[in-house]
Amino acid sequence: MEMTFRWFGEGFDTVTLKQIRQIPGVTGVITTLYDTMPGELWERNRIKALKETVEASGLHISGIESVNIHDSIKIGDKDRDMYIDNYIKTLENLGEEGIRMVCYNFMPVFDWTRTELARLRPDGSTVMAYTQEAVDAIDPEKMFESIAGDMNGTVMPGWEPERMAKVKELFQMYRDVDDEKLFANLKYFLERIMPVCNKYDIKMAIHPDDPAWSVFGLPRIIINQENIHRMMDMVDDVHNGVTFCSGSYGTNLENDLPGMIRSLKGRIHFAHVRNLKFNSPTDFEESAHLSSDGTFDMYEIMKALYDIGFDGPIRPDHGRMIWDEKAMPGYGLYDRALGAAYLNGLWEAIDKSHKRAV
Ligand code: DNO
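Residues numbered from 1 in each chain as written. Predicted model: local features only at pLDDT ≥ 70, side-chain atom pairs only at ≥ 80, totals over all residues.

## Considerations on the overall build of the protein chain
For the protein chain, the count of helices and strands is 14 helices and 12 strands. C-alpha atoms of the protein chain, sized along the principal axes, occupy 55 × 45 × 40 Å. Each of the 358 residues in the protein chain was classed as buried or not, and the buried ones make up 43%. When contacts within the protein chain are restricted to residue pairs at least 6 apart in sequence, long-range pairs at least 24 apart make up 74% of them. (Helix = DSSP H or I, 4+ residues; strand = E, 2+ residues; numbered from the N terminus. Buried ≥ 20, exposed ≤ 12 C-beta atoms within 10 Å, placed from the backbone. Contact = placed C-beta atoms within 7 Å.)

## Concerning the sheet that holds strand 7 (residues 203-207)
Pairing between sheet strands relies on hydrogen bonds along the backbone, with the strands arranged either parallel or antiparallel. Ordered by their spatial adjacency, 8 strands build a closed barrel running 1-2-3-4-7-8-9-12, and the pairing between neighbours is parallel. For this sheet, the mean inter-axis angle between neighbouring strands, taken without regard to orientation, is 30°. Both strand 9 (residues 268-273) and strand 12 (residues 313-316) contribute to a ladder of 3 bridges, which runs parallel. Each bridged residue has a counterpart across the sheet, and for Val273 the counterpart in strand 12 is Pro316. (Pairing = 2+ DSSP bridges. Axes fitted to C-alpha atoms, helices over the stretch in contact; angles between N-to-C directions.)

## Considering the nonpolar core
Of all hydrophobic cores here, the largest spans 85 residues; its most connected members are Ile20, Val102, Ile261 and Ile301. At 6 residues, helix 9 (residues 179-200) tops the list of elements feeding residues into this core. The residues touching Ile261, leaving out its near neighbours within four places in the chain, are Phe244, Ile268, Ile301, Ala304, Leu305 and Ile308. (Core = buried A, V, L, I, M, F, W, Y, C linked by C-beta atoms within 7 Å.)

## A short note on the sheet that holds strand 6 (residues 126-131)
Here 4 strands make up an open sheet; going across it, the order is 5-6-11-10 and the pairing antiparallel. Each edge of the sheet is formed by a strand with only one pairing partner; in this case those strands are strand 5 (116-120) and strand 10 (276-280). Direction aside, the axes of adjacent strands within the sheet are offset by 35° on average.

## Comments concerning helix 13 (residues 298-307)
Within the span of helix 13, buried status applies to Met298, Ile301, Met302, Lys303, Ala304 and Leu305. Check the buried side of helix 13 and you find it contacts helix 11 (246-249), helix 12 (257-263), strand 9 and helix 14 (334-357).

## Digging into the site of the ligand
In the vicinity of the ligand, the contacting residues are Glu65, Ser66, Cys103, Tyr104, Asn105, Asp111, Trp112, Pro157, Gly158, His207 and Gly330. Broken down by element, the residue count for the shell around the ligand peaks at 3 residues, all from strand 4 (residues 101-105). (Near = placed C-beta within 6 Å.)

## Digging into the packing of helix 4 (residues 80-96) against helix 9
Two elements in contact, helix 4 and helix 9, have axes whose closest approach is 10 Å; the angle formed by their N-to-C orientations is 15°. The orientation of helix 4 relative to helix 9 falls into the category roughly parallel. Viewed along their axes, helix 4 and helix 9 form a crossing whose handedness is right-handed. Taken together, the residues of helix 9 that come into contact with helix 4 (itself represented by Ile84, Tyr87, Ile88, Leu91, Glu92 and Gly95) are Phe189, Arg192, Ile193, Val196, Cys197, Lys199 and Tyr200. Partitioned by chemical class, the residues of the contact of helix 4 with helix 9 number 9 nonpolar, 1 polar and 3 charged. (Parallel < 35°, antiparallel > 145°, perpendicular 65-115°, else oblique. Left-handed = near helix turned anticlockwise from the far one by under 90°. Nonpolar A, V, L, I, M, F, W, Y, C, P; charged D, E, K, R; others polar.)

## Here's the deal with the pairing of strand 12
Alternating positions in strand 12 separate into two faces, Pro313 and Arg315 on one and Ile314 and Pro316 on the other, with burial throughout. In terms of strand pairing, strand 1 (residues 2-6) meets strand 12 through 2 bridges, oriented parallel. Residue pairing for strand 12: Glu2 is matched across the bridge by Pro313.

## A short note on helix 2 (residues 44-56)
Counted at 1.5 Å a residue, the expected span for helix 2 with its 13 residues is 18 Å, and the 18 Å between its end C-alpha atoms agrees. Listed as buried for helix 2 are Ile47, Leu50 and Val54. The buried residues of helix 2 occupy an angular sector of 60° when the element is viewed end-on, so they sit on one face. Facing away from the buried side of helix 2 by over 90 degrees, the exposed positions are Asn45, Ala49, Glu52, Glu55 and Ala56. Looking at the packing, one finds that the buried side of helix 2 touches helix 1 (17-21), strand 2 (28-31), strand 3 (60-65) and helix 4. Positive backbone phi, at 90°, marks Gly58, one or two positions downstream of helix 2. (Expected span 1.5 Å × (residues − 1). Arc of directions from axis to C-beta.)

## A closer look at the pairing of strand 10
Here 4 bridges tie strand 10 to strand 11 (residues 283-286), and the two strands are oriented antiparallel to one another. Residue pairing for strand 11: Phe278 is matched across the bridge by Phe284. With antiparallel pairing between neighbouring strands as the criterion, strand 10 and strand 11 make up a hairpin whose turn holds 2 residues.

## Things to note about the environment of Ala340
In this structure, Ala340 sits in helix 14. Here Ala340 falls in the buried class, since 24 other C-beta atoms lie within 10 Å of it. The contacts of Ala340, once residues within four sequence positions are left out, are Met3, Phe5, Ile23, Gly25, Val26 and Pro316.

Have a look at this one:
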């Protein structure tokens, strides 16, 4: 595996490339053109400039998170082919610049959903949290407003104000889309992009729905082992793979995370590894990465990745806000850097004990 760090780009991230470079063991960044809208074509010169900026700091681009999918593609609207053509051209431009992994998601309307962005923990840190009760009590159109005040002046991925202004319209557009339609639209999209992915060896890594169940009655399909295998079988190509995000699949306590990882050998192209602390099955908060701070056994998760020979990029994921940092919720420097160091430590220990045993 390669340890990486998410970076939103100059002007969008409070964390600098220089800081990322100084985290021990981090060699790559996962980045994006944050100011492009879903459906927009990524120009080659902009990708090249991004690459040069990252490389000037001594790091390199290990993958893109995300090239977002236009709603017309997810809905299967009449203009979807135009947006897929743009997507293909974007992949071509990324491929020409040597980028080989693209993370995306197929969630309707809302990307990942949290109901609190700064829940206070006993040690004075704050974390993002989710309760189903809060979601059930809120009008989806008010969702953005209800959390916008806690974004620390940042734009959170998937929660762009321009999109959120159209939430009502978006809900209307999805009114006839159920799980089956969403699967069919995903298949259509994947079939069309696979040739370009094969040409450039670009590994597509679908991000799970977070939380891993339907919210506000919207269909959600990338939620468990059965559905991921269905997705991979319907377009059976190694370039059609997944982002294994422990914090997203882990929202459903029935998902056996190490078991899922083992079942996905060869098809995990990117890993997000973080922990959650459950207060009840429908109330969870994002803890420190350390096993003892949350509910998951992080050793077992890393061990499963090790055992399947995972060699793609991995990144620490949402962290707590600590040491008075002001940053995008979940994406401060300090706790994610601690997470990277911890995950690297687990990996080294697993690797050395494996080598001694053989
Ligand atoms: C949240 C992220 C998601 C993820 C997208 C992938 O912190 O994990 O926004 O990047 O769903 O397209």
